[in-house]
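Given next are the chains, with one letter for each unit.
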Amino acid sequence: MSKTKKTKDYKSSSTAAYFFIGPAVISIFIFFFIPVIAAFVMSFTDFDIYALGSFDTVRFVWFNNYLRLFDDPLFWQSLLNTCYYVVLATPLSILVSLSAALLLNAKLVKLKGIFRLSYFIPYVTTLVAVAIVWRFIYHPKFGILNYFLGFFGINPVDWLGDPNLAMPAIVLMSVWKNFGYYMIIFIAGLQNIPEDLYEAASIEGAGGWQQFKSITLPMLAPTTLFISIVTIVGYFQLFAEPYIMTQGGPLNKTLSIVGYMYNEGFRWWNMGYSASISFVLFFIILIVTVIQFKQQKNPLS
Amino acid sequence: MKKVLLYTFLIITSAITLIPFIWMISASFMADGKASVYPPVFFPADIVIEQYNHLLTRLNAARSFFNSFFLSTVVTLVSLFFNSMAGYAFAKYRFKGRNKLFSLLLINMIVPSQVTMLPLFLMLKSVGLINTYFAIIVTGLANIFGIFLIRQHCLTIPDSLIEAAKMDGATDFQIYRKVILPLALPVLVTLGLFSFLGTWNDFLWPLIALTDESMYTLPVALSSLMLEHTRDPELMMAGSVITIIPVIVVFLVLQRYYIRGVMMGSVKE
């Protein structure tokens, strides 16, 4: 009797479980997994503007899209630009956010909440809106950045119009926008460091810099790794900043991978080719993520 | 002395992070052409609201505002409902394939969403749903990040509570509704906040999926305005203000939950 009851219970409860997970799992399958698989298939086809009218015109071209990418100077340009952006923006973001976290973690500081808030505000605000604001901040004649630089005797600079400066200008804005987020994570990391480590070190006569080097930095290593991965993955998806501030120019110097994918797919409707670009992006992000999984043995526990 | 230096530094750097917003707000209250002056003005001499009038009367900003607000609200409510049910079941039920399914769903976290956009566009276009609210809502129905956070929280809820409710004759859904949801409230607020702000701020997919001006969300409307009105900083700043202010207000009211969420997302991984 008790045995049959148990099996019945188990059965009814697993029906309930399927009822609970159903809506989420089904929507993730339809609107995420199926599109990902479809994108993979598309990347081996010549899906283009004619195919939008009639799917019959689509042909498998196998690896041709990927081979074409190899010979496409604009693709290499976008890849190079994006890497340049990531390589510049990642360490800068980490440096600024770590410094801010250390400052706000100092015991001397009162009113931490207010400073933390003002550093954090840019992160929650709408990227498109702040990119528009920064576009005017960078204005060569009336922009406030050149105005402030004028105090230091620096002549007006055409930030977004100079091919060599446009990407660094976007980097600067990104650091301003994002450092508050990483700062919060760093503060959490700093608060997890046991206080007695520092006490022991000061008894042994270690100075501030030495404590930072031998306690703070090593103890923050997992946090720093996590932040690096999140930053790199996020920064590789650069799109809205150049779209608003430079439209990929000047001389395609701020064209990003996602920007190129968008142009090819949704401007020129070369959707097969565009899909292959999106898979290159996926591949890059996958490599970065695998490094994280390797470093942190069990991400679920 | 050290303290003075520290505070000076903190105040200057906070000012730097806030100056763009101050300039934005002040320029938005200037008449045409008044923000394009040298040296820049940080407080308008005459406060005028003509830019806001222009946005509302001629550019239909109210409609975009409504679109953004409506979509963010719907996505938040639906995703909270779907994610919380799934997170609860993954934590507290034993069913066939549970762990495998959960691992499979984790792929959701590493594939960049841009990959799905081309087929999603074609799928929705073939059923006539491009340029509808539906096109935005379907991409936000559920996500593994939300399921994961709720699952983690539900794991901390003692089984005895659920057993007790069962003894009292509560159905599975009643337990979810009356026991689990109230206990998970802090996580739900955090997740809801993420999802509201995420939908409000989202750009690339709305740019692709919403093709008609009357359907634009604020970021899409702003970007299209930007490409036409490059020379009207005052108007663009007013547009930025109405886009950003709601975000800042929502964040300020619920910042405790937001900050906690940022920390949960990082510490758990």
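Please read these numbers as outputs of a predicted model, since none were measured by experiment. (Residues numbered from 1 in each chain as written. Chains lettered and ligands numbered in written order. Predicted model: local features only at pLDDT ≥ 70, side-chain atom pairs only at ≥ 80, totals over all residues.)

**Student:** Got a sec to walk through the overall build of chain A? Specific residues and values, please.
**Tutor:** The helix and strand inventory of chain A stands at 13 helices and 0 strands. Each helix and strand of chain A, ordered N terminal to C terminal, gives the series α-α-α-α-α-α-α-α-α-α-α-α-α. A compact globule built from 301 residues would reach a C-alpha radius of gyration of about 19 Å, whereas chain A, at 25 Å, exceeds it by more than 25%. Dimensions of chain A, computed from C-alpha atoms along their principal axes, come out at roughly 80 × 75 × 30 Å. (Helix = DSSP H or I, 4+ residues; strand = E, 2+ residues; numbered from the N terminus. Rg over C-alpha atoms; globule rule 2.2 N^0.38 Å.)

**Student:** Can you tell me about the overall build of chain B, naming the residues and giving the values?
**Tutor:** Helix and strand content of chain B: 13 helices and 0 strands. Ordered by position from N to C terminus, the α and β elements of chain B give α-α-α-α-α-α-α-α-α-α-α-α-α. For a compact globule of 269 residues, the expected C-alpha radius of gyration is about 18 Å, and chain B comes in at 23 Å, more than 25% above that figure. Overall size of chain B, expressed as C-alpha extent along the three principal axes, is 70 × 65 × 35 Å. A burial count over chain B gives 44% of its 269 residues as buried. (Buried ≥ 20, exposed ≤ 12 C-beta atoms within 10 Å, placed from the backbone.)

**Student:** Just give me the short version of the domain arrangement of chain B, but keep the residues and values in it.
**Tutor:** How big an interface is tends to be stated in terms of accessible area lost as the parts join. Residue and element names in this part refer to chain B. Assigned domains of chain B: these are domain 1 (1–48) and domain 2 (61–267). One C-alpha centre belongs to domain 1, the other to domain 2, and the line joining them spans 34 Å. Contact residues are listed per partner, giving 9 residues for domain 1 and 7 residues for domain 2. The residue makeup of the side of domain 1 that touches domain 2, split by class, is 5 nonpolar, 2 polar and 2 charged. (Domains from an automatic or database assignment. Contact = placed C-beta atoms within 7 Å. Nonpolar A, V, L, I, M, F, W, Y, C, P; charged D, E, K, R; others polar.)

**Student:** So what about the interface of chain A and chain B? Which residues, and what values?
**Tutor:** With 70 residues of chain A in contact, the opposing surface of chain B contributes 70 residues. At 19 residues, the largest contribution of residues to the side of chain A that touches chain B is made by helix α1 (residues 2–42) of chain A. Grouping the amino acids of the side of chain A that touches chain B by side-chain chemistry returns 58 nonpolar, 11 polar and 1 charged.

**Student:** Break down the confidence of the model for chain A for me, citing the residues and quoting the values.
**Tutor:** Residue and element names in this part refer to chain A. Taken over all residues, the pLDDT of chain A has a mean of 90, while the share at 70 or more is 94%. Within chain A, the lowest mean pLDDT, 82, falls on α1, and the highest, 97, falls on helix α12 (residues 257–267). The model gives residues 1–8 a pLDDT under 50, and that stretch makes 0 contacts with residues more than four places away or in other chains. (pLDDT = per-residue confidence, 0-100.)

**Student:** Can you explain helix α7 (residues 144–155) of chain B? Please cite residues and give values.
**Tutor:** Residues and elements named next belong to chain B. The end-to-end C-alpha distance of α7 is 16 Å, a good match for the 16 Å that 12 residues give at a rise of 1.5 Å each. Counting buried positions along α7 yields 9 of 12 residues, so the element is predominantly enclosed. Listed in full, the buried residues belonging to α7 are I144, G146, I147, F148, L149, I150, R151, H153 and C154. (Expected span 1.5 Å × (residues − 1).)

**Student:** Explain the environment of P163 of chain A to me, using residue names and the numbers behind them.
**Tutor:** Residue and element names in this part refer to chain A. Residue placement: P163 occurs in the loop between α7 (144–151) and α8 (166–191). Since 13 C-beta atoms lie within 10 Å of it, P163 is described here as partly exposed. On a C-alpha basis, the gap between P163 and L251 in space is 6.5 Å, while along the polypeptide they are 88 residues apart. Not counting residues up to four positions away in its chain, the partners in contact with P163 are P250, L251 and K253.

**Student:** Let's hear about unusual backbone geometry: which residues, and what values?
**Tutor:** Omega for the bond connecting G249 of chain A with P250 of chain A falls within 30 degrees of zero, at -15 degrees, which places this linkage in the cis form. With respect to the helices and strands, P250 of chain A occurs in the loop between α11 (240–245) and α12. The residue after Y38 of chain B, namely P39 of chain B, is reached through a cis peptide bond having omega -5 degrees. Within the secondary structure, P39 of chain B is located in the loop between α1 (2–28) and α2 (50–57). Located in the positive-phi region is Q247 of chain A, a residue other than glycine, with phi close to 50 degrees. Overall, the presence of 16 C-beta atoms within 10 Å leaves Q247 of chain A in the partly exposed class. Backbone geometry places N60 of chain B, a non-glycine residue, at a positive phi of 60 degrees. Relative to the helices and strands, N60 of chain B resides in the loop between α2 and α3 (61–92). For N60 of chain B, a count of 15 C-beta atoms within 10 Å corresponds to the partly exposed category.

**Student:** Just give me the short version of the domain arrangement of chain A, but keep the residues and values in it.
**Tutor:** Partitioning chain A into structural domains gives domain 1 (2–42) and domain 2 (71–295). On a C-alpha basis, the centroid separation for the pair domain 1 of chain A and domain 2 of chain A is 38 Å.

**Student:** An account of the confidence of the model for chain B is requested, with residue identities and associated values reported.
**Tutor:** Looking at chain B as a whole, its pLDDT mean stands at 91, while 98% of the residues score no less than 70. Taken together, the chains of this predicted complex give a pTM of 0.93 and an interface ipTM of 0.93.

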